[in-house]
Structure formats: C-alpha cells, structure tokens
Amino acid sequence: MKPVLLSGGTLLDPSQNLNEVGDLLLADGEIAARGGAIEGPDDADVIDCDGLIVSPGFIDVHCHLREPGREDVETIATGARAAAAGGFTAVCAMPNTDPVTDNQASVGFIVRQAQRAAAARVYPIGAISVGQEGKVLAEFGEMVGAGAVAVSDDGKPVASAQLDDGKPVASAQLMRTALEYARTFKIPVIDHCEEPTLSDGGSMNEGIVSAQLGLKGIPAEAEEIMVIRDILLARLSGGHVHLAHVSTKGSVELIRWGKERGINVTAEACPHHLSLTEESVRDYDTNAKMNPPLRTAKDVEALREAVKDGTIDLIATDHAPHHYDEKEREFADAPNGIVGLETALAVAVTNLVEEGYLTFSDLVDRMACSPARLFKLPGGSLKRGAAADVTVFDPKARWKVDPSRFLSKGRNSPYNGMILVGRTACTIVAGSVVYRSGIPVRSREGEQMNRARG
Ligand SMILES: [Zn+2]
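Owing to the predicted nature of the structure, the values given are computational and were not obtained by experimental measurement.

> Please explain the overall build of the chain as it appears in this structure.
Helices and strands together make up the secondary structure of the chain, namely 13 helices and 19 strands. Compactness check: the chain gives a C-alpha radius of gyration of 21 Å against a globular reference of 22 Å for 454 residues, within 12% of the reference. Taken along its principal axes, the extent of the C-alpha atoms in the chain is 75 × 45 × 45 Å. In the chain, which comprises 454 residues, the proportion classed as buried is 59%. Taking as baseline every contact in the chain between residues at least 6 positions apart, the subset at least 24 positions apart corresponds to 75%. As displayed, the chain offers around 17600 Å² of accessible surface, 48% of which is attributable to carbon and sulfur atoms. On the chain, the mean spot of the 46 positive side-chain charges and the mean spot of the 63 negative ones are 3 Å from each other.

See below:
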C-alpha cells in the first residue's frame, strides 16, 4: 500500500487540542507524521486538502445493516460503502438481523463480511438476550471474543416484525443482570428506552399534532421511564449503560441528573431528532416515521443544547433502511426508521454548526473522538501511531439530497430534496482511500518528473 499525504487541510482533532493548517502523512495503516509541510516519501499519493477539514474518521455506534436476513434492503457491503460515503470510517451494526446476532458464530459472520467489503470498518453489536426475546441473557463473553463491542436490545427482531412482538428489555431484573455481566467484559449495554405498554400501538409523538391527525401517539414518558430505570440500574450495578437515540427534553434532564452523580451513563442523539419535529408527520410522510418518534421544537432545542454541553456524548445515525414498498403502507402500518449514513454529517453541520450550537471541533468530538473513547474503538485521533482512519470533508459545500444517488440500498430519507451544508470529500480506513468524491489524487513521483522536465 502506498503512503498517502493529505496536504494543506485544516487538521482538526479535539482529543489533541489540534486546530491548524498542515499536512498529515499516512503509512502502514497508521498516522505516520503531522506538520506544517511534510516532505514525505517519493512514492506517496498526494491529496490536496486546501479548504477542507481533515479529522479523525467518524464512528457511528448505531446502525442497522440488515444482513443476514434482509439482503434485499441492505448488506454489510452496501452499508459499509454508504458509511464511507458519509465520512464514517467505522460503524457498529445492531443485532436485529435474521437470525439475531446473539452468538459467537453470528458475530463472526459479520466480522468476515465486513473484511470482505473493505470499506468502513463494521463492529458487531450482540443481542442482550437470546433471540432478542427479553428472557435469557446471551453469551456476552463468546460474542466479545468473536469481535462484538457492545450488547443491545435495539430494533425489532426481523423474524417477528410482522407479529409486532419485538420489544426492548422490559424486565428490570434482566437489565440489571445484563449490566453486571457486561461490566466484566468492559462493554456498554446499549438500551433502546421504550416502556412497551405505554408505546403500544403508537406511531408518532403524542401531543396536539397526533390528536389532529387522528394517530395514536407515543408519550415522552414511554422513553423517560426507561431512561431513569436504566440510570438507577447503572448505579446499582456499576455497569455502563449507553442510551440509544434520546429524543426528549425530559430524558436530557434525567441524564444530566445521572451524570452529576457520577453514574456511568452515556447517551447519543440522532441527526433527525436534532433537526426535525413532529410537524414533518403532518402530510403522513412515512419517511418521517421512526422510533422514538420525531418530537416537539422544545425537545429539539433541549437535545441541541445537550449535544453542545456534552450531556449527550455523541451523534449516532440509527441508519435503518427499509424496502420502498414497506414504507408505502398507511402511516400507522409502515415500518419505523430512515436511512442516515449519507446525510448525518450535513444534517449536523447545517443544524448544529451553522445554527451556532457546535464548533467544527465540537462536531468532530461528537462524531469521532467521543464514540472511539466510550466504545474503546481504534481511531478517534490524529496522533502519531493511531490507526490511519481519517475523514476529509468540505465544511462549506452546499448540496441537494438525492436519495437515488445514495450508495445505501435504502432510499427512505426525510431530507429528500433539501439543501444541506457539509460534504465528505474523502474517507480513509487503515491508510486506504475507501471513498472519494471528485477530489483528485496525485502521485508525487509524477509531480517530480514534471518538475524535472519543466
Ligand atoms: Zn436502531
């Protein structure tokens, strides 16, 4: 593999307090050198990053890649390529596949498919319970040994989706045991916070809009009851609970309460919950249907403030591709979820940076450094010797979202047709360029030959 020299970009790495224009040299899968102007080896490929931000690669700790079981909707390879196009050098795949990722062999399968895809890295997340049935704990040790980086109850098991009986861990006792067990393997338990009896039958946020539309709502309390339960169980067990896709102001207040007391709770918010409200549901657009649902403007504001002050630790996509026909159903019957890998950066830049909530440095922290640190993953840093997982993006590029151009098989995006700011220019994993959007690569040898001739 040839060394890669990223030339003249703004090097941004909050984990190193780095924010300066310079060069970055990648060699042998590692960050080899950093500085004002690196001479570098003669055989290096040179990428001109003038006007672009060069940051540690983004890491998405929450996505659904649908393989095995629903390869018609997404595969590990298409998901990993979509991730790379979105600037993600690594993603964590949720376990609600068919069969469920709940044992050593199924975790190993994902690891092998990801290696074959040779795009973004894919880390499997194992199920908390066997078959995601919420009854018997899965073998965490075996799954971790095979490459799982966390356990979660997120997402409906595919096989039972029609029966609508997939549910988060409803039993507090099972969650307590999961947190104790996960602690011995030093991995987080990622919880999808939803009290199933309160959310039952709901298809959007409960409030004035749901009443006007005649749709059954899901109250904020369905999430918040589980948020406080999990925080208390983290205190009791000493385990690390990571709260998936936090969507309400009340949840933010509870997480703040837990963190102030030193409880081991971390949390993520999704780009859609940071940018859209329940108003998007008004025309019964099923691309605005997700779980938890889009909430109110007050919730969006509280989430933005929480990402800013660190109460919410990181941004994760909850990328959830669905088949076009399935999303074409009546609103109440359509499946939950939207694709997000290829719009996450731009939605975050447009709604958080341009709106003054985050600096680009903060954004890189929430999308790269914080996920690496909390999930103990490689990357998240531009320091010498770190994995050469790097994202280069244009902070000012304006573009119109066209889902037909996504590398994901999914097209279900509420951002269809919107103009957003911020776009991936180049994604590099272990020193190899896995995605490039128009940005040229020059060979230094050719350059020198030209100069000699000149
Ligand atoms: Zn999810």
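> Explain the coordination of the zinc ion here, please?
The reference angle at a metal is 109.5 degrees if four donors form a tetrahedron and 90 or 180 degrees if six donors form an octahedron. Summarising the metal site, the zinc ion is bound by the protein donors His62 (NE2), His64 (NE2), Asp154 (OD) and Asp318 (OD), whose distances to it range over 2.1 to 2.2 Å. Linear spacing of the donor residues for the zinc ion on their chain is H-x1-H-x89-D-x163-D. Taken as a pair, His62 in strand E6 (residues 58–63) and Asp318 in the loop between strand E15 (314–315) and helix H10 (324–327) lie far apart in primary sequence, 256 residues in all. By relative accessible area, which is 0% here, His62 ends up buried.

> In this structure, what is going on with the pairing of strand E7 (residues 88–93)? I would like to understand it.
One face of the sheet, then the other: side chains in a regular strand alternate in exactly this way. The buried count for E7 comes to 6 of 6 residues, which makes it a mostly enclosed element. Across 4 bridges, the pairing between E6 and E7 is parallel. Its bridge partner being in E7, Ile59 is matched across the sheet by Ala90. Considered for its hand, the β-α-β crossover made up of E6, helix H1 (residues 76–85) and E7 is right-handed. Bridging between E7 and strand E8 (residues 121–127) involves 4 bridges; their strand directions are parallel. Within E8, the position partnered with Ala93 by the bridge is Pro124.

> Help me understand helix H2 (residues 104–117), please; the structure alone is not making it clear to me.
An α-helical turn contains 3.6 residues, so a residue and the one three or four places further along point in the same direction. A rise of 1.5 Å per residue sets the reference length of H2, with its 14 residues, at 20 Å; its end C-alpha atoms lie 20 Å apart and thus fit the reference within 8%. Structurally, H2 contributes buried residues whose contacts are with H1, E8 and helix H3 (140–146). Among the residues of H2, the N-terminal cap falls to Asn103, whose side-chain oxygen and the backbone nitrogen of Ala105 are separated by 3.0 Å. Among the residues trailing H2, Ala118 stands out with phi positive, at a value near 50 degrees.

> How should I be thinking about the sheet that holds strand E13 (residues 241–243) in this particular structure?
Read from one edge to the other, the open sheet built from 8 strands follows the order E6-E7-E8-E9-E10-E13-E14-E15, with strand pairing classed as parallel. Edge positions in the sheet fall to E6 and E15, since each has one partner strand and no second. Sheet strands touched by helix H4 (residues 172–184): strand E10 (189–191) and E13. Its angle to E10, the strand with the most contacts, is close to 150 degrees.

> Is there a simple way to think about the pattern of salt bridges in this case?
As enumerated under the stated definition, the model contains 15 salt bridges in all. The closest approach of N and O atoms between Arg176 and Glu180, which form a salt bridge, is 3.1 Å. Of this pair, Arg176 and Glu180 both sit in helix H4, 4 residues apart, which is roughly one turn of the helix. Among the residues examined, Arg176 registers a relative accessible area of 31% and is labelled partly exposed. The salt bridge involving Asp365 is made with Arg373; its shortest N-O contact spans 3.9 Å. Residue class for Asp365 comes out buried when judged on its relative accessible area of 14%. Salt bridges here are not isolated pairs; linked through shared partners, they connect Arg70, Asp72 and Glu326.

> What is the right way to look at the side chain of Asp318 in this model?
For the buried Asp318, no salt bridge exists, and the shortest N-O distance to an oppositely charged side chain is 7.3 Å, to Arg66. Filtering out sequence-adjacent residues up to four positions away, Asp318 remains in contact with His62, His64, Asp154, His245, Cys270, His272, Asn291 and Ile338.

> It is not clear to me how the packing of helix H7 (residues 220–237) against helix H8 (residues 249–260) should be interpreted in this structure. Could you clarify?
The packing of two helices is summarised by the inter-axis angle and the distance between the axes. For the pair H7 and H8, the least separation of the axes is 9 Å and the interaxial angle reads 10 degrees. Relative to H8, the element H7 is oriented roughly parallel. Contacts between H7 and H8 involve Glu223, Glu224, Val227, Ile228, Ile231, Leu232 and Arg235 from the former and Gly250, Ser251, Leu254, Ile255, Trp257 and Gly258 from the latter. Partitioning the contact of H7 with H8 into residue classes produces 7 nonpolar, 3 polar and 3 charged.

> Would you mind showing me how to read the packing of aromatic side chains here?
In this structure the tally under the stated criterion is 5 aromatic pairs. Judged by centre distance (4.6 Å) and plane angle (25 degrees), the rings of Phe140 and Tyr181 are stacked. Placement of the pair is Phe140 in helix H3 and Tyr181 in helix H4, with a sequence separation of 41 residues. Relative to Phe393, the ring of Phe360 lies with its centre 6.1 Å away and its plane at 45 degrees, an arrangement referred to as tilted. With Phe360 in helix H12 (residues 360–374) and Phe393 in strand E16 (residues 390–400), this residue pair connects regions lying 33 residues apart in the sequence. Among the residues examined, Phe393 registers a relative accessible area of 0% and is labelled buried. One aromatic cluster in this structure is built from Phe58, Phe88, Phe360 and Phe393. Looking at Lys289, its charged tip hangs above the ring of Phe331, at a distance of 5.7 Å from the centre. The aromatic ring of Trp399 is capped on one face by Arg423, whose charged end is 4.2 Å from the ring centroid.

Conventions we followed
- Residues numbered from 1 in each chain as written.
- Predicted model: local features only at pLDDT ≥ 70, side-chain atom pairs only at ≥ 80, totals over all residues.
- Heavy atoms only, no water.
- Helix = DSSP H or I, 4+ residues; strand = E, 2+ residues; numbered from the N terminus.
- Rg over C-alpha atoms; globule rule 2.2 N^0.38 Å.
- Buried < 20%, exposed > 50% of the residue type's maximum accessible area, 1.4 Å probe, protein only.
- Contact = heavy atoms within 4.5 Å.
- Areas by Shrake-Rupley, 256 points an atom, 1.4 Å probe, with all protein chains shown as cover.
- Lys, Arg positive; Asp, Glu negative; His and termini not counted.
- Charge placed at Lys NZ, Arg CZ, Asp CG, Glu CD.
- Donors = N, O, S within 2.8 Å, 3.2 Å for Na, K, Ca; no water.
- Pairing = 2+ DSSP bridges.
- Right-handed = clockwise from strand over helix to strand, strands pointing away.
- Expected span 1.5 Å × (residues − 1).
- Polar contact = N/O pair within 3.5 Å; in protein donor to acceptor, adjacent residues only side chain to side chain.
- Axes fitted to C-alpha atoms, helices over the stretch in contact; angles between N-to-C directions.
- Salt bridge = Lys/Arg side-chain N within 4 Å of Asp/Glu carboxyl O.
- Parallel < 35°, antiparallel > 145°, perpendicular 65-115°, else oblique.
- Nonpolar A, V, L, I, M, F, W, Y, C, P; charged D, E, K, R; others polar.
- Phe/Tyr/Trp six-rings, centres within 6.5 Å; stacked < 30°, edge-to-face > 60°.
- Lys NZ or Arg CZ within 6 Å of the ring centre and 35° of its normal.

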